[in-house]
Amino acid sequence: FLRGLAANSIRTGACAAAVEYLETAVGIDPWDPGLRRLQAEALGCAGDRDRAAAASDRASSLARDREALDSISLALQAGNRREAAHGLQLLLSESPGFLEAARMLARLQAEDGNRIGAATVYENYLAVFPDDSAARDRAASLLLEEGRYDQASILVADRPVTEKGRLVSACQMIRGSN
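Residues numbered from 1 in each chain as written. Predicted model: local features only at pLDDT ≥ 70, side-chain atom pairs only at ≥ 80, totals over all residues. Heavy atoms only, no water.

Per the secondary structure count, the protein includes 10 helices and zero strands. Its helices and strands taken in sequence order, the protein reads α-α-α-α-α-α-α-α-α-α from the N to the C terminus. Scored against the burial criterion, the 178 residues of the protein give a buried share of 41%. Within the protein, counting contacts between residues at least 6 apart in sequence, those at least 24 apart form 44% of the total. Accessible area for the protein stands at about 9900 Å²; split by element, carbon and sulfur atoms hold 51% of it. (Helix = DSSP H or I, 4+ residues; strand = E, 2+ residues; numbered from the N terminus. Buried < 20%, exposed > 50% of the residue type's maximum accessible area, 1.4 Å probe, protein only. Contact = heavy atoms within 4.5 Å. Areas by Shrake-Rupley, 256 points an atom, 1.4 Å probe, with all protein chains shown as cover.)

Moving on, we get to the pattern of salt bridges. A full pass over the atoms with the stated rule returns nine salt bridges. Of the charged contacts, one joins R51 and D48 as a salt bridge, the two residues approaching to 3.5 Å between their closest N and O atoms. Judged by its relative accessible area of 38%, R51 falls in the partly exposed class. Residue classification places D48 among the partly exposed residues on the basis of a relative accessible area of 25%. Residue R115 is joined to E146 by a salt bridge in which the shortest nitrogen-to-oxygen separation is 3.2 Å. Here E146 lies in the loop between α8 (133–145) and α9 (149–156) and R115 lies in helix α7 (residues 115–128), a separation of 31 residues in the sequence. For R115, a relative accessible area of 29% corresponds to the partly exposed category. (Salt bridge = Lys/Arg side-chain N within 4 Å of Asp/Glu carboxyl O.)

Next up on the list: the packing of aromatic side chains. Applying the stated rule across the entire model yields three aromatic pairs. Considering the side-chain rings of W31 and F98, the 5.7 Å spacing of their centres and the 20° angle between planes classify their relative orientation as stacked. Taken together, the positions of W31 in the loop between α2 (15–28) and α3 (33–45) and F98 in the loop between α5 (81–94) and α6 (99–111) put the pair 67 residues apart, joining distant regions of the chain. Take F98: its relative accessible area is 3%, and that puts it in the buried class. The interplanar angle of 75° and the centroid separation of 5.8 Å between the aromatic rings of W31 and F129 together place this pair among those described as edge-to-face. Of the two residues, W31 is situated in the loop between α2 and α3 and F129 in the loop between α7 and α8; the sequence distance between them amounts to 98 residues. (Phe/Tyr/Trp six-rings, centres within 6.5 Å; stacked < 30°, edge-to-face > 60°.)

Turning our eyes to something else, we now look at the state of the cysteines. If you walk through the whole model with that rule in mind, you get one disulfide. One disulfide bridge connects C15 with C45, the sulfur atoms lying 1.6 Å from each other. In this pair, C15 is assigned in helix α2 and C45 in helix α3, connecting sequence segments 30 residues apart. (Disulfide = S-S within 2.5 Å.)

Within the secondary structure, A55 is located in helix α4 (residues 49–77). Put simply, A55 and L35 are 20 residues apart on the chain and 9.3 Å apart in space, counted from C-alpha to C-alpha. Discounting residues that sit within four places of it in the chain, A55 has contacts with R36, Q39, A40 and L43.

Now for the packing of α6 against α7. To characterise two packed helices, one gives the angle between the axes of the helices and the distance between these axes. Contact geometry of α6 with α7 gives a least axis separation of 7 Å together with a crossing angle of 170°. As far as their axial angle goes, α7 and α6 are roughly antiparallel. Both α6 and α7 take part in a crossing whose hand is left-handed. Taken together, the residues of α7 that come into contact with α6 (itself represented by L99, A102, R103, L105, A106, Q109 and A110) are R115, G117, A118, V121, Y122 and Y125. Split by residue class, the contact of α6 with α7 holds nine nonpolar, two polar and two charged. (Axes fitted to C-alpha atoms, helices over the stretch in contact; angles between N-to-C directions. Parallel < 35°, antiparallel > 145°, perpendicular 65-115°, else oblique. Left-handed = near helix turned anticlockwise from the far one by under 90°. Nonpolar A, V, L, I, M, F, W, Y, C, P; charged D, E, K, R; others polar.)

Moving on: the side chain of R36. For R36, the position within the fold is in helix α3. Here R36 is buried and forms no salt bridge, its nearest opposite-charge partner D29 lying at an N-O distance of 8.0 Å. Sequence-distant contacts of R36, defined by excluding residues within four places in its chain, comprise V26, P30, A55, R58, A59 and L62. (Lys, Arg positive; Asp, Glu negative; His and termini not counted.)

Nothing here speaks to function; it is all geometry.
The following block contains the structure:
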């Protein structure tokens, strides 16, 4: 919806409105290279050449990350789990906030029995996007499955309460009463 409003605003010369719409849209989906390209266009239209160049560079980077993830997915489909895991680790070292890559690597590690490693993948992602409660809950679940109640409790402490957060608190209370 915001993409359409921004595109129409650019067409009509309402560049400042387009920039505002796209700032909101990018806040919702920071990994969409198309949004970043449109953001670069809006910023250029508004006369902000430096930010337009930065948005354009980010769009290119995101497109490369997406292509890398597609190649990794193909390797995984071909049964090359080790190659896929290595590619995901490299991708996440360059783009630690790439949720799809983090989910894929965490899933691979959990399937291989390395739940702690999978939780660590989510924790690294959370260092970039600390307000992602779904990723936080996935990490807490993995830690709970391994009996790491204290770590799970720390992970959800001082965060908005979710069902997983309630479960971690309950496990911590049960553990504390024994």
